[in-house]
Amino acid sequence: MAASFYTKYEVLCKIGEGSFSEVLKCQDRNTGQLFAAKRLRNAYRSPVEAANIPEVVAARKLKPHANVLHLLEQHYDVASGSVTLIFELMERCLYELLQSRVRTLPEVRVRSFLYQLLQGCEHLHGNGIFHRDVKPENILVKGDCVKLGDLGSIRGSYSKPPYTEYISTRWYRSPECLLTTGFYGPKMDIWAAGCVFYEMLTLKPLFPGSNEADQLAKIHGILGSPHPRLYAKLRRHWLQSRSLPLFPDTPGCGLGKLVPSLGESGRDLLRLMLLYDPDQRAPARRLLRHSYFADLRSCGSAASSMSSVCTRRSVRSVQRAPSRDPVMSLCSGSGSGSGSCAGTTVNSGGDRARDVPRTNSCAPPSRIPMRRGCSTLQQAMQQGARAHAGLAAPPGMRPRGYGQRSCSTSFLPRVPAAHSATLHAIAEAQAQAQAQAPTGALAPPRKAENTVSRNAEKYGTQSQTTAIRPASPFGGGGESRSERTRSD
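Residues numbered from 1 in each chain as written. Predicted model: local features only at pLDDT ≥ 70, side-chain atom pairs only at ≥ 80, totals over all residues. Heavy atoms only, no water.

Draft legend 1. How the structure looks around the overall build of the chain. For the chain, the count of helices and strands is 16 helices and 14 strands. Among the 488 residues that make up the chain, the fraction classed as buried is 39%. Nonlocal contacts in the chain, meaning residues at least 24 apart in sequence, comprise 63% of its contacts between residues at least 6 apart. Approximately 26800 Å² of the chain is accessible, and the part contributed by carbon and sulfur atoms is 52%. (Helix = DSSP H or I, 4+ residues; strand = E, 2+ residues; numbered from the N terminus. Buried < 20%, exposed > 50% of the residue type's maximum accessible area, 1.4 Å probe, protein only. Contact = heavy atoms within 4.5 Å. Areas by Shrake-Rupley, 256 points an atom, 1.4 Å probe, with all protein chains shown as cover.)

Below, the structure is given as structure tokens:
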């Protein structure tokens, strides 16, 4: 093993062993996190040769998927030529889980495991790869999560056959692997997944053949002998130098009798996965849309839709975040005009927030109410600021229709708690200044309009009339419309 591997990881124990590798449980010396280290038995001459290992090729070609065990690191020892692959540590394989069971797994859990297994197969097949060795030993379980592991036997779906004949474990080998000399494809993974499906339901293998002839006999005893046309199609891919096996015509007992407790949709799914003809066998994408997985699809679609909605809302809230200035926060909402914002909720971006109550009784205390019927937005802001500061609105600021009918309320954006005292102090200071001001004293006008007064025309003098617009509660100015006449 590479010196870098020993430097970074500490080997704790051996957790598995196969024909071409052994699996070790190791711990990161810095973080303490546990991983699974797969040490290959073959020696590789160069790093370039080590980079062409099937697991490494799959890691470069495939994106990480929730149901496929992904390669995390690769360590190559130049001196010995050994390669160590680092993966996520799972709890156990499906074979160990089934062996430890006294009773069969609940069908709900079997359905979930099979759905995740088919999702992993569909991810491989969609990226032009098929596994070629799907079996319980290569299906890893961690809680309720299932991942398809051991990608050491993968092959490209678009490469030309013939492939290696003796590749899959015999009990899960499809008929095209048994009756041809390497002419098979991704549908062999579907057949193996169907065998795993039956084994999860019954805790027993479906076709436990002792050799290839016995394997075919057990397949025909359940599914029946193939049709002569199908047999002729498979025979075209058989070497002439080898004798073709002969088998008697067998009707088969059928899959339904073997799983009487399984529902109709489950039986149909098992039948589609174990069709003798690989061209008629259903692909993984079609199986995932089967009615047997309707509940899992609805739960998955609901979770994904909620995730997308939350993502859109979070992006919208980031793009339209309210200003930190309380004055700008109050002025940012739309709704000027009589009754223009009744029954809606205005946020800082001018949109309607859909999940905020529309009645005044449901209004949070930190939100400023604005009555319907305000003539201008400034009057609404003045009334809202006074209501927030605990002051009664003067008669001049009462909106049209006040006291005559119940008005729907709207809520301006939430005012930060740090600015509540500031708003109260401003409104209180303004009220004191108005009380101390002499009668007829007015603040400097904000906007004037030059007009000719009727009194000026009557007495022959010219005068200038200035119309005072209602000022903001955060600046100077009067609180009601008035006029001032000044003689030139």
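Following the structure, the description resumes.
Draft legend 2. Highlighting the packing of aromatic side chains. Applying the stated rule across the entire model yields 10 aromatic pairs. Residues F197 and Y292 carry aromatic rings whose centres are separated by 5.9 Å and whose planes lie at 55 degrees to one another, so their mutual orientation is tilted. Separated by 95 residues along the polypeptide, F197 in helix α7 (residues 187-202) and Y292 in the loop between α11 (284-288) and α12 (294-319) bring together distant segments of the chain. No difference in accessibility class separates F197 from Y292, as the two residues are buried. Look at Y292 and F293: their rings are 5.4 Å apart centre to centre, the planes differ by 70 degrees, and that puts the pair in the edge-to-face class. F293 gets classed as buried once you look at its relative accessible area, which sits at 0%. Of the aromatic side chains, those joined through ring pairs into one cluster are F5, Y6, Y9 and F35. (Phe/Tyr/Trp six-rings, centres within 6.5 Å; stacked < 30°, edge-to-face > 60°.)

Draft legend 3. The arrangement of the side chain of S82 in detail. Take S82: it is sitting in the loop between β4 (71-76) and β5 (83-88). Among the polar contacts made by the side chain of S82, one reaches the side chain of S80 at a distance of 3.1 Å. (Polar contact = N/O pair within 3.5 Å; in protein donor to acceptor, adjacent residues only side chain to side chain.)

Draft legend 4. Up close: the packing of helix α5 (residues 107-126) against α7. As a packed pair, α5 and α7 sit with axes 10 Å apart at the nearest point and diverge in direction by 170 degrees. Of the possible angle classes, the one that applies to α5 and α7 is roughly antiparallel. Classified by chirality, the crossing of α7 by α5 is right-handed. Of the residues in α7, those touching α5 at V110, F113, L114, L117, L118 and H125 are D189, I190, A193, V196, F197, M200 and L201. (Axes fitted to C-alpha atoms, helices over the stretch in contact; angles between N-to-C directions. Parallel < 35°, antiparallel > 145°, perpendicular 65-115°, else oblique. Left-handed = near helix turned anticlockwise from the far one by under 90°.)

Draft legend 5. Representation of the sheet that holds strand β2 (residues 21-28). On the basis of which strands lie adjacent, the open sheet formed by five strands has the order β1-β2-β3-β5-β4 and antiparallel pairing. The sheet is open, and its two borders are formed by β1 (9-17) and β4, each paired with just one other strand. The mean inter-strand angle of the sheet, taken between neighbouring strand axes irrespective of direction, is 30 degrees. Here helix α3 (residues 54-61) sits on the sheet in contact with β3 (34-40), β4 and β5, set at roughly 135 degrees to β4. (Pairing = 2+ DSSP bridges.)

Draft legend 6. Main features of the UniProt feature "binding site: ATP" (unreviewed entry) in the chain. On the UniProt side, "binding site: ATP" (unreviewed entry) is annotated at positions that read K38 here. Summarising the element assignment, K38 is placed in strand β3. Owing to a relative accessible area of 11%, K38 belongs among the buried residues under this scheme. Not counting residues up to four positions away in its chain, the partners in contact with K38 are S21, E22, V23, E55, V83, T84, L85, F87 and D150. Within polar-contact distance, the side chain of K38 engages the side chain of E55 at 2.6 Å. (UniProt positions renumbered as here; feature names shortened; annotations may be inferred.)

Draft legend 7. Summary view of the layout of surface pockets. Approximately 1300 Å³ is the volume found for the largest pocket. Lining the largest pocket are 48 residues, and of these S21, V23, K38, N138 and D150 lie nearest its centre. Two domains each put at least three residues into the lining of the largest pocket: domain 1 (5-88) and domain 2 (92-300). (1 Å grid on protein atoms, 1.4 Å probe; cavity = no way out; pocket = protein on both sides within 12 Å on 5 of 7 lines; lining within 4 Å. Points joined across faces, edges and corners; volume = space filled by probe spheres on them. Domains from an automatic or database assignment.)

Draft legend 8. Examining the packing of α7 against helix α10 (residues 264-273) more closely. Packing of α7 against α10 leaves a shortest axis separation of 8 Å and a crossing angle of 145 degrees. When the axes of α7 and α10 are compared, the crossing they make is left-handed. Mapping the contact onto sequence places I190, W191, A193, G194 and F197 in α7 and G266, L269, L270 and M273 in α10. The class makeup of the residues in the contact of α7 with α10 is seven nonpolar, two polar and no charged. (Nonpolar A, V, L, I, M, F, W, Y, C, P; charged D, E, K, R; others polar.)

Draft legend 9. How the structure looks around unusual backbone geometry. Positive phi is not limited to glycine here, since D150 has a value of about 55 degrees. Tracing the backbone shows D150 in the loop between β9 (145-148) and β10 (155-156). Owing to a relative accessible area of 35%, D150 belongs among the partly exposed residues under this scheme. Notably, L203 is not glycine yet its phi reads approximately 65 degrees, a positive angle. For L203, the position within the fold is in the loop between α7 and α8 (212-223).

Draft legend 10. Geometry of the sheet that holds strand β6 (residues 92-93). Spatial ordering of the open sheet is given by β6-β8-β9, a layout of three strands whose pairing is antiparallel. Edge positions in the open sheet fall to β6 and β9, since each of these has one partner strand only. Where β6 and strand β8 (residues 139-142) come together, two bridges link them in antiparallel fashion. Its bridge partner lying in β8, R92 is registered against V141. Contacts between α5 and the sheet are confined to β8 and β9, with β9 contributing the most and set at about 35 degrees to the helix.

Draft legend 11. Looking closely at the environment of H220. Among the secondary structure elements, H220 is positioned in helix α8. As a C-alpha pair, H220 and F247 span 27 residues in sequence and 8.9 Å in three-dimensional space. Not counting residues within four places of it along the chain, the set of residues in contact with H220 comprises S225, P226, F247, T250, G252 and Y276.

Draft legend 12. Main features of the nonpolar core. Ranked by size, the top nonpolar core spans 58 residues in total, and within it L94, F197 and M273 carry the most contacts. Ranked by the residues each element gives to this core, the list is headed by α7, at 10 residues. No fewer than three residues from each of domain 1 (5-88) and domain 2 (92-300) sit in this core. Leave out the neighbours within four places in its chain, and L94 touches F113, P136, I139, V141, V196 and M200. Grouped together as the second largest cluster of nonpolar side chains are 14 residues, A50, I53, F87 and C93 included. (Core = buried A, V, L, I, M, F, W, Y, C linked by side-chain atoms within 4.5 Å.)

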